[in-house]
Amino acid sequence: MKWLIVKNDLIRNKVINLALLLFMMFSACLAVLSVVMAVQTFTSISELYKTAQPPHFVQMHKGEINQAKIDEFMSDYKGITYWQTDTMIDVFGDSLTVVSDEDRNDLSDCRLDIGLVKQNEKKDLLLNSQHEKVTLQEGEMGMPVILKEEYGMEIGDRVLLTNNNVKKEFVIKEFILDSMMNSTMASSTRILISDKDFDELSGKVGENEYLIESYFTNSKEAADFQTAYENAGLPQNGQAITYTIIFMLSALTDIITVFVLLLVSILLIIVSFICVKFTIMAALEEDIGEIGTMKAIGLPFAEIRNLYLYKYRALAMAGVIAGYILALLLSGVVTKHISATFGDIRISALAVILSLFVGFLVFLLINYYCKKVLKKIKKVTVVDALVSGKGFEKNKGGMKDGLYKAKKLAVNWLMGIREVFYQFKNWTIVFAVVLIAVLMILVPVNLLNTFEAPEFITYMGSSLEDILIEVENGEHLETGYEDVKQVLENDVAIENYYEYRRVSVQTADAEEELMNLHIDCGDQSGEDLQYLSGKPPEKETEIAISYLNAEKIGKDSGDKMILFFGDKKQEVVISGIYQDVTSGGYTAKSKNDFPGLKAEKYSFSVNLKSNAEVEKKADEWSETMGAGVTVDPMEEFINQTLGGVVKQLRTIVLAIVIIGACLAMLITVLFLKLRLAKDLSEIAVLKAIGFSEHDIKQQYMIKIGCVSITGILTGIILTDVLGEKIINAALSVAGLGIKKVELIANPVIEYIICPLLILGLTLFVTWIVVRTIKKYNIISIINR
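The rules behind the values
- All residue numbers here refer to positions counted from 1 along the written sequence of the relevant chain.
- In keeping with the predicted nature of the model, local features appear solely for residues at pLDDT of at least 70, side-chain atom pairs appear and are counted solely at 80 or more, and the whole-chain, interface and lining totals rest on all residues.
- With hydrogens and water excluded, all non-hydrogen atoms of the structure serve as input to the side-chain values.
- In this analysis the probe radius is 1.4 Å and the grid spacing 1 Å, with only protein atoms considered; a cavity is a set of points the probe fits into but cannot get out of, a pocket is an open set with protein on both sides within 12 Å along at least five of seven lines, and lining residues have an atom within 4 Å of a point.
- Grid points are joined across faces, edges and corners, and a volume is the space filled by probe spheres set on the points.
- In this text, helices come from DSSP runs of H or I with a minimum length of four residues, and strands from runs of E with a minimum of two, each type numbered from the N-terminal end.
- Side-chain classes follow a simple rule in which Ala, Val, Leu, Ile, Met, Phe, Trp, Tyr, Cys and Pro form the nonpolar group, Asp, Glu, Lys and Arg form the charged group, and the remainder, Gly included, forms the polar group.
- Within this scheme, the nonpolar core is defined by two criteria: the residues are buried Ala, Val, Leu, Ile, Met, Phe, Trp, Tyr or Cys, and they are joined through side-chain atoms within 4.5 Å.
- Throughout this description, buried means an accessible area under 20% of the type-specific maximum (1.4 Å probe, protein chains only), exposed means over 50%, and partly exposed covers the range between.
- Any pair of residues with heavy atoms lying within 4.5 Å of one another is described as a contacting pair.
- The working definition used for a salt bridge is a side-chain nitrogen of Lys or Arg within 4 Å of a carboxyl oxygen of Asp or Glu.
- The aromatic pairing rule takes the rings of Phe, Tyr and Trp, using the six-membered ring of Trp, and pairs them if the centres are within 6.5 Å, calling planes under 30 degrees apart stacked, those over 60 edge-to-face and the rest tilted.
- Identification of polar contacts relies on pairs of N or O atoms within 3.5 Å, with a donor-acceptor requirement for protein atoms, meaning one able to donate a hydrogen and the other able to accept it, and with residues adjacent in sequence counted only if both atoms are side-chain atoms.
- Starting at the helix axis, one direction is taken to each C-beta atom, and the arc is that of these directions.

Visitor: I keep staring at empty space enclosed by the protein and nothing clicks. Help me out?
Guide: The rolling of a water-molecule-sized probe over the atoms marks out the regions of remaining empty space. Inspection of every chain in the model, using the stated rule, returns two cavities of 30 Å³ or more. The calculated volume of the second largest cavity comes to roughly 50 Å³. Lining the second largest cavity, in full, are Pro-144, Val-145, Ile-146, Ile-176, Leu-177, Asp-178, Met-181, Asn-182 and Thr-341. Elements with a contribution of two residues or more to the lining of the second largest cavity: α4 (145-151) and β9 (166-178). Tallying contributions element by element places β9 first for the lining of the second largest cavity, with three residues. Its residues assigned to classes, the lining of the second largest cavity shows six nonpolar, two polar and one charged.

Right, here's the structure in full:
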């Protein structure tokens, strides 16, 4: 009998139940997808690393090396299980031209350092999509996946290498997975060639760069090893990277996507709860007489509740199952980037188990919430239900008519606004859903806008200028510095520029063990960065340190620390703690030039005069300054560094905007259908006293418009107040060197486009639904 009642109710209220089913399905689907993607990201990376075996610590070095000295140090260091030194032949992007059947372009705009390498024997292997070691024949090339996506390459395309009067042609045989350099946030990428081609080109083209790689029983030993390695005076003219940073850079793009999906799924579950409560209350109001009768004949509360609960349990079960199936069908789409970057791997057993658990959790939450709402049946008395007919809405007072104010405001506007004002709780579902839709759209849009904004460079350890110039560490570091300095001094297009010199000193960490501290020195060092506390250094006795360094050293703003360099030591005060994702997040800034210390790197940030063309000037300097110096327009530097993250996030955000807009429309339609059914008698009275159909339609348009505007404004305020807190909570967990981000909103989108989109769509569907009022017959309604 219970299932017969459920079946009849589902048939009777098809539209309402279908809408409810869809929300349950989509909320379960997104929750499952976010879990599948999170598990698949870490599983895929782990599977790739299991075969490829990236180093736990790698020191990049340009210049001569003493391999015997390296081997001696490695063999004496306790905990090392394996080490190797790989050679890369560094070439510039304009030396490589990709030729396909339809197109021809070079890689001159590639910001990443490009290195030609041969395959290793045992560790740090370059693999194909099936996680198999790639072996190439003469004339074949393995191109990294991140370049394939950037330049639209295909298997069989030809690559022409032209450098130092050497010309050689390759054919792309495979797209390789590089476990160490698979992100645009890495500074380099590797192209695989055969051993024979490598030996032929070595010494004839480009410049050799060495990767000195170490492996330990525990990858966490890499941080301590880095300090010991640097203090041993071994080759270090280049970036040092630890396993933790390699892993985080690999996963960053997909972690952000997982976070956005999870946020949207939580908001959709909240919307599902709102819909469940609204439909349950509408059904109970409609059945108030039957409920009173059942109570009068002695049926207990549990039995009455279960008559309704069975239907919502059935809907929740169907919705979760359908959502789970839909999630599995869509998993291939959302994990496409994971498969391309880390290889083709089936959905892991862990992902299936956890997604089942999450789906079941969504079902339990909906079931629990339904039980909570249905408790209202307990409070209804037989007298309320059968005699007074008050049901569940106990009106505590009437609404003042206020029609005398109609001289100042049109009657339809007055009636619409006053009903919303005095009986706002009857319209809370539209308010809540519009608010959630605004949150759902604006938080991800603001996150995307922040990643795309030039100001994001201040989270990457640099101030915001037009052009960034870096003199690479190597034998010609000082010569390169002098060349850059000369060009900048003589160029009339420059408004101003700032130079920075990186040196290495030592200090004690939280456990009182010595660690190396890399400091960028310069008059403007530390200016315009994003500080968590304190301020930039103003004196030579002050220093600003990055967030991750502060965590490692165990110091805060205002604390003192001792710096050791050469045979000297100096006490400095920590002026501030800033955020930085470059160099693994371990950097520092000082006004002190530390004379006598050898520079590790030079960088220049340049501002041009207003009429100068940034890209044109950057290209001109790049040619003039030559090898060993990188010149990037700041905006282009950010775009290429964060390109992979932004591209995927943009796709997700577009999908979320569509979902949010559809959500607002669907709920408005559902609400109005129920509201019009409930307001039949009121509509009849209005028609009877002379209000036209147009007047009644206008009143509903005004009511929905007022509620929507209130929801939109509240949503914008909550986005500004809570949006950053939500993002920052996720960043703190990620450990990327950024703890607090100030979201950069686009005022046109936040205050004009999004509000007009949501308001326009809700009013549009309202206009469509209220047109059904013309079908209402006054006599038949009154006779009911």
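Visitor: In this structure, what is going on with the nonpolar core? I would like to understand it.
Guide: A general tendency of soluble globular proteins is for nonpolar side chains to be buried together. Counting 166 residues, the largest nonpolar core has Leu-107, Met-143, Met-153, Leu-201, Tyr-308, Tyr-700 and Ile-758 as the members making the most contacts within it. Here this core gets 24 residues from one element, more than from any other, and that element is helix α7 (residues 243-286). If we skip the residues at most four places from it in the chain, Ile-758 touches Val-434, Ala-437, Val-438, Ile-441, Ala-661, Ala-664 and Ile-712. Counting residues in hydrophobic clusters, the runner-up holds 21 residues, among them Val-505, Val-572, Ala-588 and Phe-594.

Visitor: When you look at the pattern of salt bridges in this model, what are you seeing that I'm missing?
Guide: Between side chains of opposite charge, a pair can form as their charged atoms come close. In total, this model carries 19 salt bridges according to the counting rule given. For the salt bridge of Glu-419 with Lys-703, the shortest nitrogen-to-oxygen distance reads 2.7 Å. Within this pair, whereas Glu-419 is found in helix α14 (residues 411-422), its partner Lys-703 is found in helix α22 (residues 693-734), the two being separated by 284 residues in sequence. Like Lys-703, Glu-419 is buried. One salt bridge connects Glu-499 with Lys-485, and the closest N-O pair in it is separated by 2.3 Å. One end of the pair, Glu-499, is in strand β14 (residues 494-508); the other, Lys-485, is in helix α16 (residues 477-490), and 14 residues separate them in sequence. Residue classification places Glu-499 among the partly exposed residues on the basis of a relative accessible area of 26%.

Visitor: Even after reading the chapter, I still don't get the packing of aromatic side chains, so can you show me in this structure?
Guide: What characterises a pair of aromatic rings is the spacing of the ring centres plus the angle enclosed by the ring planes. Per the counting criterion, the structure on display carries 18 aromatic pairs. Between Phe-73 and Tyr-77 the ring centres are 5.9 Å apart and the planes differ by 40°, which places this aromatic pair in the tilted class. Assessed through its relative accessible area of 17%, Phe-73 is described here as buried. Aromatic side chains Tyr-82 and Tyr-215 sit 5.8 Å apart centroid to centroid with 65° between the ring planes, which places their arrangement in the edge-to-face category. Within this pair, whereas Tyr-82 is found in strand β2 (residues 80-91), its partner Tyr-215 is found in strand β11 (residues 207-216), the two being separated by 133 residues in sequence. With relative accessibility at 23%, the residue Tyr-82 sits in the partly exposed group.

Visitor: It is not clear to me how the environment of Phe-671 should be interpreted in this structure. Could you clarify?
Guide: With respect to the helices and strands, Phe-671 occurs in helix α20 (residues 643-678). Expressed as a C-alpha distance, the spacing of Phe-671 and Val-430, which sit 241 residues apart in the sequence, is 7.4 Å.

Visitor: How do you make sense of the side chain of Asn-592 when you look at a structure like this?
Guide: Within the secondary structure, Asn-592 sits in the loop between β20 (588-590) and β21 (601-608). At 3.2 Å, the side chain of Asn-592 forms a polar contact with the side chain of Gln-570. The contacts of Asn-592, once residues within four sequence positions are left out, are Cys-521, Glu-540 and Gln-570.

Visitor: Sorry if this is basic, but what is going on with helix α8 (residues 288-296) here?
Guide: Side chains that are three or four residues apart share a direction in an α-helix, a result of its 3.6 residues per turn. Within the span of α8, buried status applies to Ile-288, Ile-291, Gly-292 and Met-294. Angularly, the buried residues of α8 cover 160° about the axis, an arc narrow enough to put them on a single face. Taken from the residues just after α8, Gly-298 is the one with a positive phi, measuring 100°.

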